[in-house]
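Listed here are the chains, written in short residue letters.
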Amino acid sequence: MDKREAIGSWLSGPRAAAEEAGVDFGYRGQQLGLPEEGPGSIARPGRRLGALVVDWGMSMLIASQLITHGYDQATGNWALLVFFVMSVLTVGTLGFSPGKRLFRLRVVDLDTGQVKPLRALLRTLLLCLAVPALIWDRDGRGLHDRLTRTVEVRI
């Protein structure tokens, strides 16, 4: 390996370097027994982010129009509370929030297939802290999903 290849592998990251060396990581969700594509496969980050933006937008709209009657400093705090309650209630009962439904996503429990309300509460609490959602594993699951043994899949 010459110096250019070594520098190139550093720039592209350890996964790309390992794949070039012949390591097979498989597809996202393979370790969980999920299909590679289609319904039941792990949701891609773009869809998940889109669903989060829709849910947050709804929360901001509800907070600004029904609670604070306009946009001020308290609106963001109220929106976080609305987001928390909405997510716990909808994910804990239906398995998806309005944004997730719009983007054809569903949260499932790895053991039973349906998220229990207590797990939805813990998952949403960790999601609202933001940091656990930014730490991903090789399957693309956030730390909040790993800790609650859930996964977001496509419908």
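Structural data are supplied above this passage.
For every chain, the first residue of the written sequence is number 1, and numbering continues from 1 along that sequence. Per-residue local features of the predicted model are confined to residues with pLDDT of at least 70, and side-chain atom pairs are confined, for both listing and counting, to 80 or more; whole-chain, interface and lining totals are unaffected and use all residues. Side-chain calculation: all heavy atoms of the structure are included, whereas hydrogens and water are not.

### Thoughts on the side chain of threonine 148
Strands are runs of DSSP state E lasting at least 2 residues, helices are runs of H or I lasting at least 4, and numbering of each runs from the N terminus. Tracing the backbone shows threonine 148 in helix α8 (residues 143-148). Under the scheme applied here, a residue whose accessible area is under 20% of the maximum for its type counts as buried, over 50% as exposed, and between as partly exposed, the area being computed with a 1.4 Å probe on protein chains only. With a relative accessible area of 2%, threonine 148 lands in the buried category.

### Looking at a nonpolar patch on the surface
Residues enter patches when their relative accessible area tops 30% and they take part in no salt bridge; the joining distance is 9 Å for like charges and 5 Å for the nonpolar side chains Val, Leu, Ile, Met, Phe, Trp and Tyr. Note on areas: Shrake-Rupley, 1.4 Å probe, and residue coverage restricted to the protein chains presented here. What counts as a salt bridge is simple: a side-chain nitrogen of Lys or Arg found within 4 Å of a carboxyl oxygen of Asp or Glu. On the surface, a cluster of nonpolar side chains totalling about 690 Å² of accessible area is made up of Met58, Ile62, Leu66, Ile67, Trp78, Leu81, Val85 and Leu89. Those elements giving two or more residues to the nonpolar patch turn out to be α3 (45-67) and α4 (73-93). As for its placement among the helices and strands, leucine 66 is situated in helix α3.

### Things to note about the pattern of salt bridges
What the rule picks out here adds up to ten salt bridges. Glutamate 37 is paired through a salt bridge with arginine 154; the nearest N and O atoms lie 3.8 Å apart. Here the residue glutamate 37 occupies a position in the loop between α2 (14-20) and α3, and arginine 154 occupies one in strand β2 (residues 150-154), the gap between them amounting to 117 residues. A relative accessible area of 52% places glutamate 37 in the exposed class. Looking at arginine 154, the relative accessible area reads 23%, which means it is partly exposed. Taken together, the shared-partner salt bridges connect Arg48, Lys100, Arg123, Asp145 and Glu152 into one network.

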